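# Structural features, examined
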Amino acid sequence: YAESLCAWGGEFVASCHDADTGAFMFICVHSTARGPAAGGLRIKAYDAPVSAMEDGLRLSSAMTLKMAICDAPLGGGKSVIFVDPAVLEAQRPKILARFAALLESLHGTYYGAPDMNTGPDDMDFIYERSRYVFCRTAERGGSGSTTHHTALGTFHAILASAEFALGRRDLTGRSIVVQGVGGVGGALVEMLVRAGARVIVSDVVSARVDDLVSRFGVAAVAPEDAVTTACDILAPCATGGILNARSIPELRCAAIAGAANNQLETPEDDARLRDRGILYAPDFVASAGGVLHGVGFELWKWSEAQVDQAVERLGGILLDVFAAAKADKTGTREAAERLARSKLVR
Ligand code: PHE
């Protein structure tokens, strides 16, 4: 793992192994240039502890950019737990308590938040042992689930992409593939259907697909066909790395705007998309609605309307990014990263 640590360029990783459960945990603090690091806690059945750490490293650097784009007084961090799913099921409190102890030992250099397989209830549990978390439940004084605002931000990213790539914002009759319809993807589908889009869904969990098909009459495609299905806009809302040297030549869409983190497998994939003439809404902007929810409600004490407005502004930020990329003939990810980095210098 030495190589991935060198390439990362972040500040430090705090790690521990819980001998009782076999869980490995990593808190990756990428940058505290804007303030204490913050980012979600992800629990996943990785193939090995090192894969968990590497995922945390990549996700934490994306958080640095996301926080900067949001003008949040926070840096980028992410935490990951590697644990056997059966052990997690049986010993979740024990594992989260161990995580809380690791979190507490950082004394506020990093704040946790919900992410894949964690939610506001987990934040409540952790908060009892360490107060450095966002998005506790409303009953416990937190801002609750980020799902709605993450999806809303992605919806505005899709509107901006339609405006720039297709010439008009109106989604009526536009075909949109939503790859991954968990919490965020599912909420996004509902917004798109309301806006008159022709939605096509896909997920490795077939029950999620069946539910959306019966509720909204949307179409469905097999998970392995999602990315290459012909459509106006592709919305990746599952896991990362799906845009790469293998998939990009096969894409049949005009634009890509989704909530998944780390959609590009390598930095070169940005130019690959540009060269194919496919507009890409950089993921750390398109998925920033969740951060605006947590930070807006909890740090800035915003009203619902203020959070909604800030989330809507993500669409405007994307239009600026698209224009800058066009003018400079760069990829859109590069243009967005340049904007974010300009906000890292104090
Ligand atoms: N999981 C969120 C994300 O990846 C992280 C987050 C939400 C951080 C809310 C702070 C506040 O964007």
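Residues numbered from 1 in each chain as written. Predicted model: local features only at pLDDT ≥ 70, side-chain atom pairs only at ≥ 80, totals over all residues. Heavy atoms only, no water.

Turning our attention to the pattern of salt bridges. Close approach of charged atoms allows side chains with opposite charge to pair. Applying the stated criterion to the full structure yields 21 salt bridges. The closest approach of N and O atoms between Arg338 and Asp328, which form a salt bridge, is 3.2 Å. On the criterion of sequence distance, the pair formed by Arg338 in helix 12 (residues 332-342) and Asp328 in helix 11 (residues 304-328) is long-range, its members being ten residues apart. Overall, Arg338 belongs to the partly exposed group, its relative accessible area being 44%. We classify Asp328 as partly exposed; its relative accessible area is 43%. A single network of salt bridges, built from pairs that share partners, joins Arg42, Asp55, Arg58, Lys78 and Asp115. (Salt bridge = Lys/Arg side-chain N within 4 Å of Asp/Glu carboxyl O. Helix = DSSP H or I, 4+ residues; strand = E, 2+ residues; numbered from the N terminus. Buried < 20%, exposed > 50% of the residue type's maximum accessible area, 1.4 Å probe, protein only.)

Domains assigned within the protein chain are domain 1 (2-60 + 76-140) and domain 2 (147-342). Computed over C-alpha atoms, the centres of domain 1 and domain 2 are 25 Å apart. Across the contact, eleven residues belong to domain 1 and seven residues belong to domain 2. Summed over both partners, the interface of domain 1 with domain 2 comes to about 610 Å²; 56% of that surface belongs to carbon and sulfur atoms. Counting the surface domain 1 buries against domain 2, the share from its top three residues, Leu59, Phe134 and Cys135, is 56%. Applying the counting rule to domain 1 against domain 2 returns zero salt bridges. Counting residues per element, the ones that place at least two in the side of domain 1 that touches domain 2 are strand 4 (41-44) and helix 2 (49-69). (Domains from an automatic or database assignment. Contact = heavy atoms within 4.5 Å. Buried area = accessible area lost by both parts, 1.4 Å probe.)

Turning our eyes to something else, we now look at the site of the ligand. Around the ligand, 13 residues are found, and the nearest of them are Lys66, Lys78, Pro114, Asp115 and Gly290. Between Lys78 and the ligand, the recorded distance is 3.1 Å, taken from a side-chain N or O atom to an oxygen atom. Protein chains bury 95% of the 330 Å² of accessible surface belonging to the ligand in isolation. Looking at the shell around the ligand, the elements with two or more residues in it are helix 2 and helix 10 (289-298). (Near = heavy atom within 4 Å. Polar contact = N/O pair within 3.5 Å; in protein donor to acceptor, adjacent residues only side chain to side chain. Areas by Shrake-Rupley, 256 points an atom, 1.4 Å probe, with all protein chains shown as cover.)

The next subject is the sheet that holds strand 9 (residues 219-220). Taken in spatial order, the six strands line up as 9-8-7-10-11-12 in an open sheet, and their pairing is parallel. At either end of the open sheet lies a strand with only one pairing partner, and these are strand 9 and strand 12 (279-280). Both strand 7 (residues 175-179) and strand 10 (residues 233-236) contribute to a ladder of four bridges, which runs parallel. Its bridge partner being in strand 10, Ile176 is matched across the sheet by Ile233. (Pairing = 2+ DSSP bridges.)

As a further point, take the side chain of Ser60. Mapped onto the elements, Ser60 comes out in helix 2. When its relative accessible area of 0% is taken as the criterion, Ser60 is described as buried. One polar contact links Ser60 to Trp8, side chain to side chain, over a distance of 3.0 Å. Discounting chain neighbours no more than four positions away, the residues touching Ser60 are Trp8, Cys28, His30, Gly76, Gly77 and Lys78.

Moving on: the pairing of strand 1 (residues 12-18). A regular strand carries its side chains on alternate faces of the sheet. Taken together, the seven bridges between strand 1 and strand 2 (residues 23-31) define a ladder with antiparallel strand orientation. Its bridge partner lying in strand 2, Val13 is registered against Cys28. Taken together, strand 1 and the strand that follows it, strand 2, pair antiparallel across an intervening segment of four residues, in which Gly22 is found at a positive phi of about 80°.

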